[in-house]
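For reference, the chains in residue letters:
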Amino acid sequence: MAEIAAVIASTHHPFYYRASTSTGADRPPFADEWVAKIERFRETLTRAEPDVLVMVGSDHFHQLWLDNMPQFLVGKAPFFDANWYNEEREFGLPRMTLRGQEDLAAHILRDGLDRDFDLAFSNELRIDHSITCPIITLRPQADLPIVPIYTNIFAPPLPQPRRFVALGRAIREMVESWESDQRVAIIGTGHLSLELGGPRQFGEHGPDPEFDRKAVEWIASGDIDGCLAEVSLESLHAPGNATHGFMDFMLMMGVAGEGRKADHVDTLDLFHTMEAYFTWYPNGVPGGAR
Amino acid sequence: MSKYLLDKFLYTVDRDPDLVERYREDPAGTVAWWEAEMANTILNCTPAERTTWLSFTDAERTALARHDHVTLFEMGAHPFLTLTLFIAMFERDHGPLEYQKAYGKAMEHLSLPYPDIAT
């Protein structure tokens, strides 16, 4: 059976690419610290020696639209082109093409349906920065095949937070039941408190530093029950109008497991939003005691 | 009121470089053209398979024609779509983050709960 090499949860900040590659007067003052944190984070994936990446993210009204909106969708295709004109325009993101892992995608689709997750699928999916940002930060050589999984954190009505956690648990079990000798890293990205297009956007910090502090603690300590007790679809409006993206972190907590402390935790307080990076090694720290 | 159609306008304009420029330069004309020609196009269907019933209210048409992002927010248009498109149109006229901050400040009178964006 396949082995989980690492479980990784991260924010996906579309400005990282530009900040990290800019020079001279264009380079923001926080870029060096940000790059240093990302390079340490990247090492947590590199040392896990993955063969395949399951990538959980959320389409930002690129290919998925309100005339036909899936709640959870798995990409099953030999290749995935990536990034869109408006991401190139606003964030300077490069066009990319990633290979797909169709055997694992087919397994997740079949097994997911049999576990009562009625997963939608796409055989021609152009992915966006929710998946390419962690490729850029964690695996910039973009050399590993992926299985993209999209969640709807964007276009209400949304699934309940507990459903995200449950899907995360199921993804973990589904990957572990894949008949393969491949090492799989499961990577998902979301947000802490975030406001987009509202009065609290682009402040000195994220819109709700207290929520961010609690969220980091829930994730780092694997406190799924505590998180579920406080977080609801309604409550997530309060920290910022785009904070429902936190549910992808909750999904990743489900992948990591109740009570599982993260092996790597880091944060960076930026304008507009707090960055947060977590890595778990379910089968022991690579190179350490197993 | 059709939040869906407001979102559809913002979405289809934002993803098309020519329409972004056209909407920036001639908002009223672009909105009128779009409502006549594009509003009832189903994006994943051939042009002949058109919808028959979508149109803006006067208030929606006016908000779009005035580039009035505050009213669009109050109407429940999806704030991500509005923000992304308006940054594309107007960030170029301002210093770094100046437009984004002014965009938020123009809405500082708004408080929770924000308008429902469900379509």
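Treat the numbers as computed from the prediction; the structure is a model and nothing was measured. (Residues numbered from 1 in each chain as written. Chains lettered and ligands numbered in written order. Predicted model: local features only at pLDDT ≥ 70, side-chain atom pairs only at ≥ 80, totals over all residues. Heavy atoms only, no water.)

1. Some points on the overall build of chain A
Consideration 1: Looking only at helices and strands, one finds nine helices and ten strands in chain A.
Consideration 2: Each principal axis of the C-alpha distribution contributes one length, and for chain A these read about 50 × 45 × 40 Å.
Consideration 3: The burial tally for chain A puts 62% of its 290 residues in the buried class.
Consideration 4: For chain A, contacts bridging at least 24 residues in sequence account for 79% of all contacts bridging at least 6.
Consideration 5: If you sum the accessible surface of chain A, you get close to 10800 Å²; carbon and sulfur atoms cover 48% of it.
Consideration 6: Of the side chains in chain A, 25 bear a positive and 43 a negative charge, and the two mean positions are spaced by 2 Å. (Helix = DSSP H or I, 4+ residues; strand = E, 2+ residues; numbered from the N terminus. Buried < 20%, exposed > 50% of the residue type's maximum accessible area, 1.4 Å probe, protein only. Contact = heavy atoms within 4.5 Å. Areas by Shrake-Rupley, 256 points an atom, 1.4 Å probe, with all protein chains shown as cover. Lys, Arg positive; Asp, Glu negative; His and termini not counted. Charge placed at Lys NZ, Arg CZ, Asp CG, Glu CD.)

2. Quick notes on the pairing of strand β8 (residues 183-190) of chain A
Residues and elements named next belong to chain A.
Consideration 1: When you tally the buried positions in β8, you get seven out of eight residues, the bulk of the element.
Consideration 2: The sheet contact formed by strand β1 (residues 3-11) and β8 spans eight bridges and is parallel. When the sheet's bridge partners are listed, Ile-4 is paired in β8 with Val-184.
Consideration 3: Where strand β2 (residues 52-57) lies against β8, five bridges are found, and the strand directions are parallel. By the bridge assignment for β8, Val-54 is matched with Ile-186. (Pairing = 2+ DSSP bridges.)

3. Observations regarding the sheet that holds β1 of chain A
All names here are of chain A.
Consideration 1: Read from one edge of the open sheet, eight strands run β6-β3-β7-β2-β8-β1-β10-β9, paired in mixed fashion. Lying at the two open borders of the sheet, with one neighbouring strand each, are β6 (120-122) and β9 (264-269). Averaged over all pairs of adjacent strands, the angle between their axes in this sheet comes to 15°, without regard to strand direction.
Consideration 2: Judged from the five bridges that link them, β2 and strand β7 (residues 146-151) form a sheet pairing that is parallel. Within β7, the position partnered with Val-56 by the bridge is Ile-149. (Axes fitted to C-alpha atoms, helices over the stretch in contact; angles between N-to-C directions.)

4. Here's the deal with the interface of chain A and chain B
One frequent convention defines the size of an interface as the accessible area lost when the parts assemble.
Consideration 1: Opposite the 26 residues of chain A that make contact, chain B presents 34 residues.
Consideration 2: Of the roughly 2600 Å² buried where chain A meets chain B, counting both sides, 65% is carbon and sulfur surface.
Consideration 3: Of all residues in chain A, the largest losses of buried area upon contact with chain B belong to Trp-65, Pro-199 and Phe-202 of chain A, amounting jointly to 24% of the total for that side.
Consideration 4: Remark: the boundary between chain A and chain B carries one salt bridge.
Consideration 5: In this structure, the salt-bridge partner of Asp-14 of chain B is Arg-89 of chain A, at a minimum N-O distance of 2.5 Å. (Buried area = accessible area lost by both parts, 1.4 Å probe. Salt bridge = Lys/Arg side-chain N within 4 Å of Asp/Glu carboxyl O.)

5. Section: the nonpolar core
Consideration 1: By size, the foremost hydrophobic cluster in this structure holds 137 residues, and its most contacted members are Ile-171, Phe-246 and Phe-278 of chain A.
Consideration 2: If near-sequence neighbours (up to four positions away) are discounted, Ile-171 of chain A is found in contact with Val-54, Val-56, Ile-149, Ile-186 and Leu-251 of chain A. (Core = buried A, V, L, I, M, F, W, Y, C linked by side-chain atoms within 4.5 Å.)

6. Structural notes on the side chain of Ser-122 of chain A
Consideration 1: Here Ser-122 of chain A is to be found in strand β6.
Consideration 2: From its side chain, Ser-122 of chain A meets the backbone oxygen of Glu-124 of chain A in a polar contact 3.3 Å long. (Polar contact = N/O pair within 3.5 Å; in protein donor to acceptor, adjacent residues only side chain to side chain.)

7. Some words on helix α6 (residues 161-176) of chain A
Consideration 1: Spanning 16 residues, α6 of chain A covers 23 Å between terminal C-alpha atoms, matching the ideal 22 Å at 1.5 Å per step.
Consideration 2: Those residues of α6 of chain A that fall on the buried side of the exposure criterion are Pro-161, Phe-164, Val-165, Leu-167, Gly-168, Ala-170, Ile-171, Arg-172, Met-174 and Val-175 of chain A. (Expected span 1.5 Å × (residues − 1).)

8. Remarks on the packing of aromatic side chains
Between two aromatic rings, the relevant description is the distance of the centres plus the angle of the planes.
Consideration 1: This structure, assessed with the given rule, holds 27 aromatic pairs over all chains.
Consideration 2: On the basis of an interplanar angle of 75° and a centroid distance of 5.1 Å, the ring pair of Tyr-16 of chain A and Trp-34 of chain A is categorised as edge-to-face. Of this pair, Tyr-16 of chain A sits in helix α1 (residues 16-21) while Trp-34 of chain A sits in helix α2 (residues 31-46), and the two are 18 residues apart along the sequence. Here Tyr-16 of chain A and Trp-34 of chain A have matching classes, each one buried.
Consideration 3: Between Tyr-99 of chain B and Tyr-103 of chain B the ring centres are 5.9 Å apart and the planes differ by 70°, which places this aromatic pair in the edge-to-face class. Remark: Tyr-103 of chain B and Tyr-99 of chain B occur in helix α7 (residues 98-105); sequence separation between them is four residues, near one turn of the helix. Neither residue differs from the other here; Tyr-99 of chain B and Tyr-103 of chain B are each classed as buried.
Consideration 4: A connected cluster of aromatic rings, assembled from ring pairs, spans Phe-61, Trp-65 and Phe-154 of chain A together with Tyr-4, Tyr-11 and Phe-80 of chain B. (Phe/Tyr/Trp six-rings, centres within 6.5 Å; stacked < 30°, edge-to-face > 60°.)

9. Some words on the pattern of salt bridges
Consideration 1: Applying the stated criterion to the full structure yields 21 salt bridges over all chains.
Consideration 2: Notably, a salt bridge pairs Arg-27 of chain A with Asp-32 of chain A, separated by 2.9 Å at the nearest N-O pair.
Consideration 3: With relative accessibility at 26%, the residue Arg-27 of chain A sits in the partly exposed group.
Consideration 4: The salt bridge involving Arg-92 of chain B is made with Glu-21 of chain B; its shortest N-O contact spans 2.7 Å. Of the two residues, Arg-92 of chain B sits in the loop between α6 (79-90) and α7 while Glu-21 of chain B sits in helix α2 (residues 17-25), which places them 71 residues apart along the sequence.
Consideration 5: Connected via shared salt-bridge partners are Lys-37, Arg-40 and Asp-266 of chain A.

10. Here's the deal with the pairing of strand β3 (residues 72-75) of chain A
Residue and element names in this part refer to chain A.
Consideration 1: On β3, burial covers both faces: Phe-72 and Val-74 on one face and Leu-73 and Gly-75 on the other are all buried.
Consideration 2: Two elements, β3 and β7, share three bridges in a ladder whose sense is antiparallel. In the strand pairing of β7, Leu-73 is matched with Tyr-150.
Consideration 3: The pairing of β3 with β6 spans three bridges and is classified as parallel.

11. Thoughts on unusual backbone geometry
Consideration 1: Backbone torsion omega between Pro-156 of chain A and Pro-157 of chain A reads 10°, so that peptide bond is classified as cis.
Consideration 2: By secondary structure assignment, the location of Pro-157 of chain A is in the loop between β7 and α6.
Consideration 3: Residues Leu-112 of chain B and Pro-113 of chain B are joined by a peptide bond in cis, for which omega reads -5°.
Consideration 4: Inspection of the secondary structure assignment puts Pro-113 of chain B in the segment after α7.

Note that all results are geometric; they support no functional claim without further evidence.
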